[in-house]
Amino acid sequence: MLVALRHSAFGLVHCERSVFRLSGCPGRSPERALEEPRLKIAVVTRGGARVCLQPPIVVLNVVVMEAEGLEAKDANGFSDPYCMLGIQPGSAGAGPPPSPSPYVLAAAAAAAEGGGGGGCDTPPPSPRPSPAAARALSDSGVETAAERHDAAPHEKLRKHHSLGARVGSFRLSFKRKEHGYGRERRDRDAHRDSLSVQVPAKDHDDESSVFDAVSKLNEVRGVKGLGRFFKQIAQSARSGSQDDFLGCVNIPLQEIPSTGLERWYKLEARTQRSNIQGRLRLKLWLSTREDRGNSEEDSGGELRQQEQLHAVFIEHELARFGWDGQLPHVALTILHQHAIQGDMTELRLAMVRWVAYARHAARRPLHSAEECLAESFNIFIDYALQLLRKHRQYFVPHYKITMDRLEYLLRCLGLMSGMKAFWKCCPFNKEIRGEIISALKKGTLEWYEEIHSYHQPVSRNQEQIIHSLIHLIILLIVDLQKGLDYYNILFESTNGVPYFSTVYKQLEKMLAEDVGKELEVLEVHNDLSHQVAALCIQMQNTELGIPTDELVLAPGAELATSIFELYLAMQELVNFRENLPPQDQKTLAINTYYEWFEPAVDKWMDVAKYKAMHRIRKALELNKTCTGDFIVKHSTSAVDATSCFFQIKEFWRQLAWPDLVGSYNFVVKIIDCICSAAVYYSDLIHQKLQDTGYYEDPTAFKVNDEMCVTVNDLEYVRRSLAALGTELHVDNILEAVEMATGDGNRQQWRNALYGILDGATTQLEARVLQIISRVAAKMRPALKKAMFHLAWSPDSLPTSEAISPLLEYLDSHLVALNAALLPRNFERVLNDVWDVCLLELGQQMDGNAGSLRGPAQAFMSFPGPMHPRDKVAVFYERLYEALEILVDFFHADQKGLPLDQLKSATYWRVEQRLQYHKTETEGLIHLYYLQRLQDQLTTESIEYGVLSVRAYFNHDSLCVEVLNARDVIPLDPNGFSDPFVIIELLPRKVFAHCAEQQTNVQKKTLHPMFDECFEFSVTLEQCRVEGAMILFTVMDHDVLTFNDFAGEAFLALGNIPGVDENNTSIDNFHGLKTVELNLMHQKNKNHAILQTLESRTGDKMAQDFVKKQKQRISA
């Protein structure tokens, strides 16, 4: 150990020379000074004097960390290990090391977890010292873990498990005395001194008895455990038992460096017969203290010397250029050796370093610890706050060294704010967190004033003012982004300071005041709406091709884009508020920044409307057709128009106006601007097509490039209008406005906005349909000819071949149109052509109806047994098949028109009439009555009166009672009627044997009381025939003229009592419920069935039925 000290002192002198360029003691070398009997070491102090130290007291610090792999010694498979530590003196002879008891300086029980193992050596005595021994240990200056803390309970581990033990700390202080030995022998022994650590296992509990040991039989594990169990019983029966030996560790002191070490040591046996396993983890380091005869806690002198050394080294380094704040290695070596010799703890060294760095400029001697710390704390805090006020200058982001220094600085402040010593020394100081926030606010204010003054405009020109504000805001945005990315996390994590929130609120308050003042003086308040409206009207009334150079805005109406650059810069700055707490976002001064720009936005939209109209006019004057292999035909004017609309929409999107309610007027202006320009474009391009003679061309149809380009251009523009509501978020704005104004005016706001948009879209749609309708009109003659060929082809020709000319004509022209038109336009063409085909098919169908006039007589000229009625049926069957073929052709396997669009109202009318023409007259009459019965069930009108009746079936007879009628229409000049009721059973084919019956005539009344009963001889099966019904016809009796029709009503027989399967028992006729039937008139003069029957001029039944029904049609 002394040799180690000698080498350390020798190195210390060399380090001292290398730092201060000293020459040492005159006439003697440092090596010679170390050879002095008393081991005197010269240390240079700040005053230059030398202090000679006496031979030191060596202190060995030992921390028992943990053990692992120990063998179990107890019957239950565990052990109760502890450690005994001591200094074993060196010996020249070989052999096993003697017992450390003569030199034992400390012995403590350190409970460790792990299995134990050992040989059969005689174990050491029990570690429990007697009171006298305990006093002896205490008097010797030993500081054990048991004296500092309560002893921890023993913990057990299974065999071979590597679990940590409870850490035990020990300090072994000793001083060798010279009694007769020479210096050479003393140095030689110092080489051989070693630390001895023995690990016994506590044999058993002193208070346990033989009975207690026997009772633990259930804890025995394995055969070895059984042997240990009997051994424990035997030991319990004896008195003065000894503990088991688990191993030992001997560490030469010369292997322990001054900086200490921490490592695992394998346990060793004391004899060769012992079987030891496991290892022990120790932490060791050496220190010394002077032998001044006083307590080792009295280290005030060492503290002052350490502080003086730090001060000397700091002053020396500051005198050099470019010091980075780190002491050189040689200076650190001197400080380390001095700390070891003074036995200074890490806490004291940290305090000394703190004071030395904080007071390196004070040059005052060290006073009491509290005064020194208080002064150093205040000096450090003041200096740190000064740095934080200028942190943008001193701690530049993207530079790791400066950011690391800022982090260390903030961590120091954070640790100080939670340090008890700080608040004890400085009880009246303000909270450090609040001081940091105040420093940030002051520093931000100073920085803002500096950059604001630097970016002041040279002159008070409007453009220069705006550009200076833009540059200022950009600098603020950059600073805020740096703060958010770099500074905020440091301040938050170290001191809980909301850096970004503090800086942002300080900056936005000052910026709002400066920007608001500057924008108040800008001239953007003049209204241009009336001037722009007048110019647009003049432009619309001017024909295309006539120059409009005189239609310009007044001078000064143009608005520079810089004002909107300023708005966007402000918007980006305001968006940073999303990083603030929600409660802070509502109180910002710049929340209403958009109000400064409302006049400028309003003026811009007025100018935009004029420029959009002007640009569209120019686009049409320079129009060119765009063609390509993969694009449909269109012109450059459509691209220019939609691009103009896109720019207006993009401008509004970038504005992202925060006030939804206030943005309503702006959105209305934008929609009006775009819609007006779109309608103006449609008028111009349609007029241009019309001038080419498109509508006056009498030739047969062929694909016209001008027509295709025009409708495609209009469709492009219409598409941009269709998406306008979604792109401008109209629904969100309307919801905000309706919520703010209440439900009373909800529809008013919506109609005002969508009225403009829907009106423009409708106008463009009408223009497209107007152009496309000409396509179907020019194709109609050819379609009529092809349809005629289909209808009047020979009966031997199949329908698929008869319709081929029609399909070939359609296919040739529709393929060309499909390649030249947009899908939506081609769909419109298909619709028109499909409607023309249906109309032509209907005309061919109606031309053959009835008497087979004209070409239909061809069927009659063919020889054969076929009846003329059968000839007509074949004719309509062909037309019906042709209709189905046309449906498949226009549907084109889902590539053409959808089926729901093909089967329109016109289709169903044609299809229904074809079905009617295929049906016999009697069947059509029955079908007509079925429709009238359905009308009876759905009618709710009582304009022709109400008839009350009762009916039931009983015993092969149908009984019908006509009770009364009310509100019959007056049909006589006197204002009354002479009503009577005719009862008839339908269909006549089923009830041919039942003649119609009628009631008596009730004179001059509108509310007749009939109360008459009629009986019809029918069967139950006849009443249950589908469509069986009773027809009640109310007539007005006239003597000299024909009776007048007053109304009719229908009652289904399937629902009356006795016929209905749910009610077949009739006992009391007068107890039946009365049925009230609303009287009806036929209001459809062009009823399809009646028209079909009327066309059958050679059919007497059809003609009589039509004549009868025409009398019943309402005038």
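The coordinates are above.
What counts and how
- Residues numbered from 1 in each chain as written.
- Predicted model: local features only at pLDDT ≥ 70, side-chain atom pairs only at ≥ 80, totals over all residues.
- Heavy atoms only, no water.
- Helix = DSSP H or I, 4+ residues; strand = E, 2+ residues; numbered from the N terminus.
- Buried < 20%, exposed > 50% of the residue type's maximum accessible area, 1.4 Å probe, protein only.
- Contact = heavy atoms within 4.5 Å.
- Areas by Shrake-Rupley, 256 points an atom, 1.4 Å probe, with all protein chains shown as cover.
- Axes fitted to C-alpha atoms, helices over the stretch in contact; angles between N-to-C directions.
- Parallel < 35°, antiparallel > 145°, perpendicular 65-115°, else oblique.
- Left-handed = near helix turned anticlockwise from the far one by under 90°.
- Phe/Tyr/Trp six-rings, centres within 6.5 Å; stacked < 30°, edge-to-face > 60°.
- Polar contact = N/O pair within 3.5 Å; in protein donor to acceptor, adjacent residues only side chain to side chain.
- Pairing = 2+ DSSP bridges.
- Nonpolar A, V, L, I, M, F, W, Y, C, P; charged D, E, K, R; others polar.
- Bend = angle between axes of the 7 residues up to and from the residue.
- Core = buried A, V, L, I, M, F, W, Y, C linked by side-chain atoms within 4.5 Å.
- Expected span 1.5 Å × (residues − 1).
- Salt bridge = Lys/Arg side-chain N within 4 Å of Asp/Glu carboxyl O.
- Patch = residues over 30% accessible without salt bridge, like charges linked within 9 Å, V, L, I, M, F, W, Y side chains within 5 Å.

> Explain the overall build of the chain residue by residue, including any values.
Looking only at helices and strands, one finds 38 helices and 20 strands in the chain. By the burial criterion, 46% of the 1115 residues in the chain qualify as buried. The contacts of the chain with a sequence gap of at least 6 include a subset with a gap of at least 24, amounting to 76%. Here the chain has roughly 57,100 Å² of accessible surface; of this, 53% comes from carbon and sulfur atoms.

> Explain the packing of helix α21 (residues 598-621) against helix α22 (residues 636-655) to me, and be specific about the residues and the numbers.
The relative placement of two packed helices is expressed as an angle between their axes plus a distance between the axes. Between α21 and α22, the least distance of the axes is 8 Å, while the angle of their chain directions is 165°. When the axes of α21 and α22 are compared, the pair comes out roughly antiparallel. You can see that α21 and α22 cross each other, and the crossing is right-handed. Across from V601, W604, M605, A612, R615, I616, A619 and L620 in α21, the residues of α22 making contact are S637, D640, A641, S643, C644, F645, Q647, I648, F651, W652 and L655.

> Give a description of the packing of aromatic side chains that names residues and reports values.
Tallied over the entire structure, the rule returns 32 aromatic pairs. Plain terms: the ring middles of Y487 and Y499 are 5.4 Å apart, the flat faces sit at 55° to each other, and that makes the pair tilted. Here Y499 lies in helix α17 (residues 499-520) and Y487 lies in helix α16 (residues 462-495), a separation of 12 residues in the sequence. On the basis of relative accessible area, Y499 is assigned to the buried category, the value being 1%. Taken together, a centroid distance of 5.3 Å and an interplanar angle of 80° make the contact between W657 and F666 edge-to-face. Here F666 falls in the buried class, since its relative accessible area comes to 7%. Among the aromatic residues, those joined into a ring-pair cluster are Y567, Y593, Y594, F597, W652, W657 and F666.

> Go over the side chain of S1095, please, and point to the residues and values.
With respect to the helices, strands and loops of the structure, S1095 is situated in helix α37 (residues 1088-1095). At a separation of 2.5 Å, a polar atom in the side chain of S1095 contacts the main-chain carbonyl oxygen of T1092.

> Before we move on, can you summarise the sheet that holds strand β13 (residues 946-953) with the specific residues and values?
Sheet architecture is open: 4 strands sit in the order β17-β14-β13-β20, paired in antiparallel fashion. Either end of the sheet is taken by a strand with one partner, and the two such strands are β17 (1009-1016) and β20 (1075-1078). This sheet shows a mean twist of 25° between the axes of neighbouring strands, independent of strand direction. With 8 bridges joining them, β13 and strand β14 (residues 958-966) adopt antiparallel strand pairing. Note that in β14 the partner of L947 across the bridge is A965.

> Which residues make up the packing of α16 against α17, and what are the values?
At a minimum axis distance of 9 Å, the contact between α16 and α17 shows a crossing angle of 175°. Taken as axis vectors, α16 and α17 run roughly antiparallel relative to one another. For the pair α16 and α17, contact is made by I465, L469, L472, I473, L476, D479, L480, G483, L484, Y487, N488 and F491 and by Y499, F500, V503, Y504, L507, L511, V515 and E518, respectively. Residue composition of the contact of α16 with α17, grouped by class: 16 nonpolar, 2 polar and 2 charged.

> Provide a residue-level description of α16, including the pertinent values.
Because an α-helix packs 3.6 residues into every turn, residues spaced three or four apart end up facing the same way. Bending of α16 peaks at approximately 50° at the position of Y487. Looking one or two residues beyond α16, the residue adopting positive phi is G496, at roughly 65°.

> Describe the sheet that holds strand β19 (residues 1044-1052), naming the residues involved and giving the relevant values.
Across the sheet, 4 strands lie side by side as β16-β15-β18-β19; this open sheet has antiparallel pairing. Strand pairing shows two members of the sheet lacking a second neighbour, β16 (997-998) and β19, which therefore form its edges. Two elements, strand β15 (residues 979-986) and β16, share 2 bridges in a ladder whose sense is antiparallel. Bridging from a neighbouring strand, I982 pairs with Q998 of β16. Against the sheet, helix α35 (residues 921-938) touches β15, β18 (1029-1036) and β19, its axis set at about 85° to β19.

> Explain the nonpolar core to me, using residue names and the numbers behind them.
Within the largest apolar cluster, 164 residues are counted, with the highest numbers of intra-cluster contacts made by F491, L810, W834 and F890. Residue contacts for L810: discarding those within four places in its chain leaves M779, L783, V833, C837, L886, F889 and F890. One finds L985, F991, A1028 and A1046 within the second-largest nonpolar core, a separate group that totals 33 residues.

> Can you explain helix α29 (residues 804-820)? Please cite residues and give values.
In a regular helix each residue adds 1.5 Å, so 17 residues correspond to 24 Å; α29 covers 25 Å between its end C-alpha atoms and thus fits that length. Every buried residue belonging to α29 is among L806, L807, Y809, L810, H813, L814, L817 and A820, and all of these are buried.

> Requested: an account of the pattern of salt bridges, with residues and values cited.
All chains considered together, the criterion is met by 37 salt bridges. Salt-bridge contacts for R281 lead to E262; the nearest nitrogen and oxygen are separated by 2.3 Å. With R281 in strand β10 (residues 279-289) and E262 in strand β9 (residues 261-266), this residue pair connects regions lying 19 residues apart in the sequence. Residue classification places R281 among the partly exposed residues on the basis of a relative accessible area of 24%. The partly exposed category is assigned to E262, whose relative accessible area is 39%. With a shortest N-O distance of 3.4 Å, K517 and E513 are connected by a salt bridge. Taken as a pair, K517 and E513 lie in helix α17 at a separation of 4 residues, close to a single helical turn. Residue class for E513 comes out partly exposed when judged on its relative accessible area of 47%. A cluster of three or more residues bridged by salt bridges with shared partners is formed by E715, R718, R719, E765, R824 and R828.

> Could you give an account of the pairing of β18, with specific residues and numbers?
Judged by how many residues are buried, β18 sits mostly within the fold: 8 of 8 residues are covered. Burial along β18 is two-sided: the face carrying M1029, L1031, T1033 and M1035 and the face carrying I1030, F1032, V1034 and D1036 are both buried. As paired strands, β15 and β18 are joined by 8 bridges and run antiparallel to one another. Each bridged residue has a counterpart across the sheet, and for L986 the counterpart in β18 is M1029. Bridge count for β18 against β19 is 8 bridges, and the pairing is antiparallel. Note on β19: the bridge partner recorded for F1032 is A1049.

> Which residues make up a nonpolar patch on the surface, and what are the values?
Among the surface-exposed residues, V396, Y399 and I401 lie close enough to one another that they form a single nonpolar patch of about 270 Å² accessible area. One can find V396 in the loop between α12 (391-394) and α13 (400-417). Judged by relative accessible area, which is 37%, V396 ranks as partly exposed.

> Break down the environment of P427 for me, with residues and values.
Relative to the helices and strands, P427 resides in the loop between α14 (420-425) and α15 (432-454). What makes P427 partly exposed here is its relative accessible area of 47%.

> Help me get a handle on the environment of M605, residues and values and all.
Checked against the element boundaries, M605 lands in helix α21. Separated by 65 residues in the primary sequence, M605 and I670 have C-alpha atoms spaced 6.9 Å apart. Setting aside residues no more than four positions away along its own chain, M605 makes contact with W652, F666, K669 and I670.

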